[in-house]
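Breakdown of the fold
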Amino acid sequence: MKIHVRSTTPFEGQKPGTSGLRKKVHSFQQPRYLENFVQSIFDSLDNFQGKILVVGGDGRYYNQQAIQIILKMAAANGFGKVLVGQNGILSTPAVSAIIRKYQAFGGIILSASHNPGGKDGDFGIKYNISNGGPAPEKLTDAIFAHTKTVKEYRIADTTDVDLAHLGQTQLEDMQVEIIDSVKDYAELMESLFDFPLIRKMFESGACKMRFDAMHAVTGPYAKEILENRLNAGAGTVLNGTPLEDFGQGHPDPNLTYAPELVNLLYHDPELNFGAASDGDGDRNMILGQQFFVTPSDSLAVLAANAHLVSGYSTGLKGVARSMPTSMAVDKVAEKLNISCYETPTGWKFFGNLLDAEKITLCGEESFGTGSNHVREKDGLWAVLFWLNILAVRQLPVAEIVREHWKTFGRNFYTRHDYENIELHGANDLIHHLRDQIKSLPGKQFKHYQVVFSDDFEYTDSIDGSVSKAQGVRVGFSDSSRIVYRLSGTGTEGATLRVYVESFEPDPEKHHLDAQVALHDLIEIADQIAGIKRFTKREQPSVIT
Ligand code: VG1
Ligand code: CO
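Residues numbered from 1 in each chain as written. Chains lettered and ligands numbered in written order. Predicted model: local features only at pLDDT ≥ 70, side-chain atom pairs only at ≥ 80, totals over all residues. Heavy atoms only, no water.

1. Focus on the sheet that holds strand E25 (residues 481-486)
Threshold: The rule for pairing is simple: two strands pair if DSSP sees at least two bridges between them. Strands are runs of DSSP state E lasting at least 2 residues, helices are runs of H or I lasting at least 4, and numbering of each runs from the N terminus.
The sheet built from seven strands is open, its strands ordered E20-E21-E24-E25-E26-E19-E27 with antiparallel pairing. At either end of the open sheet lies a strand with only one pairing partner, and these are strand E20 (444-445) and strand E27 (542-543). Pairing between strand E19 (residues 410-421) and strand E26 (residues 494-504): 10 bridges, direction antiparallel. Pairing of Tyr 418 across the sheet is with Leu 496, part of E26.

This is the structure in structure tokens:
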């Protein structure tokens, strides 16, 4: 095999964020940019010679070009075999499932998740380890350190691989197998949920649903699982063909960016279930008829109903949520008498807890829910979990959630995002908050008294690693909370996220709109942090 060892010089800023390295497509198209990062990944790993690597992406612009480069570099660096999704397509949870099933050494996912795609959009790359989950911080730190000193990269001088046809080819000494993007994942789903029961619910007409794939990666998965295997009906899947620019949309399943689906569920009386997923298939939004389920509530409802679902009927070992996620699931854990862990934002922090079998379900407020079946959050899995619950309980989504609130109380919750604000202002706001951490406790704001304030620090109970500065928290005497943090997934300026939560035990008040119920706390959030002053914005750009 002809291997070139090419010299290179480092690029600034190749620091993986909350979920991999995300930059503009233009950045990734610079000669040596992707190569530097991929070589830095390989140089940070040990003993992968002859082993299996999984490669795939969400189909966004530059996906296939990047895969060709990675294949040639994997061959030159000594991998034994690479499994690639057909046409380069693999959802993030599918990569996780495939790594686990074929005991691969690891995987590379090409995706910037919910960030817009296309020539002028975003691109991203992420490395997953042999448990199928995102590389832990220790590894991403090592990769970043390598990018600062990388001097050369290895690449095989060979032709491109045909990604369109299933089957095996040889790339010099390395085998490349183009695999069906959907099959392994669909089989895994079928092993967890009661497909015959869900199919019966669709065939009887008891459930009519729409799934919005947002022109992103879940289209083929949803068509195969919902339309073919579960007979939910042709036309169930909307925007089901992955496009390089996601139809110029923003593939983020929330009330702002999935208006077509929201409109259908609020105005078409025939539909009683709606769902959507993001660019790479790991997020989910759940809608009932004229009803939106917040992701935090969704996690709590799944935990409370898991005993009804075959794959989880033996009970949950424990649950976990990211720190800013509402404490609704904590209440369920308390009742089930199982542990509830609180981790920093980002799926990588759940990996150790799942591997050590401390938890079965976990989730984030950012439309991410998952379980021990893979090591990523999983959009379609959450949809199927809901469908399974609906098929067993035969109640509307809204009723299931309202009943849940009655039993456990309601955690009113909202997240306000100030997207693409000036970096300076954002950093100043966080400094301003950190300066107040010591003086806030004891202070009174309207009828809320501060009882604690800190910058969240997490110690992993399995490997002892410590993650500092994960978000500023302000807690009040009635257990209400405000959390502030800066996003680690954006590619322009900064994004401030403000998370507001309060607990309401009184069922008479559960019907309130979250923005109304949290009105005072939202004002207090601005008062404490000076949001308007530092961001120069009167209002958030996205409210979820
Ligand atoms: C966001 C979410 C976080 C999620 C991450 C990756 O990160 O808040 O909960 O894990 O995106 O999700 P940040 O740093 O921007 O707040 V995905 O679907 O974009 O891979
Ligand atoms: Co995603």
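2. As for the site of ligand 1
What counts is decided by this rule: Being near a molecule or strand, for a residue, comes down to having at least one heavy atom within 4 Å of it. Counted as a polar contact is a pair of N or O atoms within 3.5 Å, where, for protein atoms, one must be capable of donating a hydrogen and the other of accepting one, and residues adjacent in sequence contribute only when both atoms are in side chains. Using a 1 Å grid laid over the protein atoms alone, points where a 1.4 Å probe fits but cannot get out form a cavity; open sets with protein on both sides within 12 Å along at least 5 of 7 lines form a pocket; any residue with an atom within 4 Å of a point counts as lining. Criterion for pocket placement: a molecule counts as inside a cavity or pocket if more than half of its atoms are within 2 Å of its grid points.
Taken together, 19 residues form the shell around ligand 1, and within it Thr 18, Ser 113, Ser 366, Thr 489 and Arg 497 come nearest. In the environment of ligand 1, an oxygen atom lies 2.7 Å from a nitrogen or oxygen atom belonging to the side chain of Glu 364. Structurally, ligand 1 is housed in the largest cavity.

3. Describing the pattern of salt bridges
How we decide: Whenever Lys or Arg places a side-chain nitrogen within 4 Å of a carboxyl oxygen from Asp or Glu, that contact is recorded as a salt bridge.
The final tally for this structure, using the stated rule, is 31 salt bridges. One salt bridge connects Lys 81 with Glu 177, and the closest N-O pair in it is separated by 2.9 Å. You can see Lys 81 sitting in strand E4 (residues 81-89) and its partner Glu 177 sitting in strand E9 (residues 174-179), a full 96 residues away along the chain. Of the charged contacts in the structure, one is a salt bridge between Lys 446 and Glu 523, with a shortest N-O distance of 2.5 Å. With Lys 446 in the loop between E20 and strand E21 (448-455) and Glu 523 in helix H17 (residues 519-529), this residue pair connects regions lying 77 residues apart in the sequence.

4. Some thoughts on the coordination of the cobalt ion (ligand 2)
Here is the rule we go by: The rule for donors is simple: N, O or S, within 2.8 Å of the metal, or within 3.2 Å if the metal is Na, K or Ca. Water isn't counted, so a site may look like it is missing partners. For every residue, the accessible area (1.4 Å probe, protein chains only) is compared with the maximum for its type, and the residue is labelled buried under 20%, exposed over 50%, or partly exposed between those bounds.
For the cobalt ion (ligand 2), the protein coordination sphere consists of Ser 113 (OG), Asp 278 (OD), Asp 280 (OD) and Asp 282 (OD), at 2.0 to 2.1 Å. Sequence spacing among the residues donating to the cobalt ion (ligand 2) works out to S-x164-D-x1-D-x1-D. Pair noted here: Ser 113 is in the loop between strand E5 (106-110) and strand E6 (122-128) and Asp 278 is in the loop between strand E12 (273-276) and strand E13 (285-288), with a separation of 165 residues, a long-range link. According to the relative accessible area criterion, Ser 113 is buried, its value standing at 4%.

5. Some thoughts on unusual backbone geometry
Phi angles above zero are rare outside glycine, and Ser 113 is one such case at about 55 degrees. Positive phi values are uncommon outside glycine, yet Gln 248 reaches one of about 60 degrees. Checked against the element boundaries, Gln 248 lands in the loop between strand E11 (237-238) and helix H9 (259-267). Look at Gln 248 and you get exposed, because its relative accessible area is 71%.

6. Considering helix H15 (residues 423-436)
Worth spelling out the cut-off: One less than the number of residues in a helix, times 1.5 Å, gives the span that helix is expected to have. Taking the helix axis as origin, the arc is that swept by the directions to the C-beta atoms. Residue contacts follow a heavy-atom distance rule, with two residues in contact if any of their heavy atoms lie within 4.5 Å.
Between the first and last C-alpha of H15 there are 20 Å, a value that for 14 residues agrees with the 20 Å anticipated at 1.5 Å per step. Three or more residues of H15 are buried, namely Gly 425, Ala 426, Leu 429, Ile 430, Leu 433 and Gln 436. When H15 is viewed along its axis, its buried side chains cluster within an angular range of 135 degrees and face the same direction. In H15, those exposed residues whose orientation departs by more than 90 degrees from the buried face are His 424 and Asp 435. Taken together, the buried residues of H15 touch E19, strand E24 (472-476), E25, E26, H17 and helix H18 (531-535).

7. Concerning the layout of surface pockets
Stated precisely, the cut-off is as follows: Grid points are joined across faces, edges and corners, and a volume is the space filled by probe spheres set on the points. In this classification, Asp, Glu, Lys and Arg are treated as charged, Ala, Val, Leu, Ile, Met, Phe, Trp, Tyr, Cys and Pro as nonpolar, and every other residue, Gly included, as polar.
Of the volumes computed, that of the largest pocket is approximately 1100 Å³. The wall of the largest pocket is formed by 38 residues, among which Gly 17, Thr 18, Leu 486, Ser 487 and Gly 488 lie closest to the centre. Contributions of two or more residues to the lining of the largest pocket are made by strand E2 (21-24), helix H5 (137-147), H15, E25 and E26. Grouping the amino acids of the lining of the largest pocket by side-chain chemistry returns 10 nonpolar, 17 polar and 11 charged.

8. Some remarks on the nonpolar core
Cut-off, in case you're wondering: What we call a nonpolar core is a set of buried Ala, Val, Leu, Ile, Met, Phe, Trp, Tyr and Cys residues that are connected through their side-chain atoms within 4.5 Å. Bear in mind that the domain bounds are from an automatic or database domain assignment.
Ranked by size, the top nonpolar core spans 72 residues in total, and within it Phe 193, Phe 273, Trp 381 and Leu 387 carry the most contacts. No other element matches the 11 residues that helix H13 (residues 379-393) contributes to this core. Summarising the domain contributions, this core has at least three residues from each of domain 1 (2-181) and domain 2 (185-408). Setting aside its immediate chain neighbours within four residues, Trp 381 contacts Tyr 185, Met 189, Leu 192, Phe 193, Leu 302, Tyr 312, Leu 361, Thr 369, Gly 370, Ser 371 and His 373. Ile 41, Met 73, Val 84 and Phe 123 belong to the second-largest nonpolar core, a separate cluster that totals 46 residues.

9. Points about the sheet that holds strand E17 (residues 361-364)
What links the strands of a sheet is backbone hydrogen bonding, and the strands pair in either a parallel or an antiparallel sense. Rules: Convention adopted: a line fitted to C-alpha atoms gives each axis, helices being fitted over their contacting stretch, and angles between N-to-C directions are expressed from 0 to 180 degrees.
An order of E16-E15-E17-E18 is seen for the four strands of this open sheet, with the pairing classed as mixed. Since the sheet does not close on itself, it has two edges, and those belong to strand E16 (339-343) and strand E18 (368-371), each with one partner. Each neighbouring strand pair of the sheet contributes to a mean axis angle of 15 degrees, computed without reference to strand direction. Set on the sheet, helix H10 (residues 295-305) makes contact with strand E15 (318-322), E17 and E18; between it and E17 the angle comes to about 170 degrees.

10. Re the environment of Ser 502
Along the chain, Ser 502 turns up in strand E26. Residues Ser 502 and Ser 326 lie 176 residues apart in sequence; the distance between their C-alpha atoms is 8.6 Å. If sequence neighbours within four positions are ignored, Ser 502 has contacts with Arg 410, Asn 411, Phe 412, Ser 480, Leu 518 and Leu 521.

11. Thoughts on the domain arrangement of the protein
To be explicit about the condition: Buried area: the accessible area, evaluated with a 1.4 Å probe, that two parts lose upon being put together, summed over both parts.
Assigned domains within the protein: domain 1 (2-181), domain 2 (185-408) and domain 3 (410-543). For domain 1 versus domain 3, the separation of C-alpha centres amounts to 35 Å. Tallying the contact residues gives 10 residues for domain 1 and eight residues for domain 3. Interface area for domain 1 against domain 3, summed over the two sides, is near 610 Å², with a carbon-plus-sulfur share of 40%. Counting across the domain 1 and domain 3 interface gives one salt bridge. In this structure, Glu 492 engages Lys 24 in a salt bridge whose closest nitrogen and oxygen atoms are separated by 3.1 Å. Summed over the shared surface of domain 1 and domain 3, the number is three residue pairs in polar contact (both at pLDDT 80 or more). In terms of residues, the side of domain 1 that touches domain 3 owes the most to one element, E2, which gives three residues. Within the side of domain 1 that touches domain 3, the residues separate by chemical class into no nonpolar, five polar and five charged.

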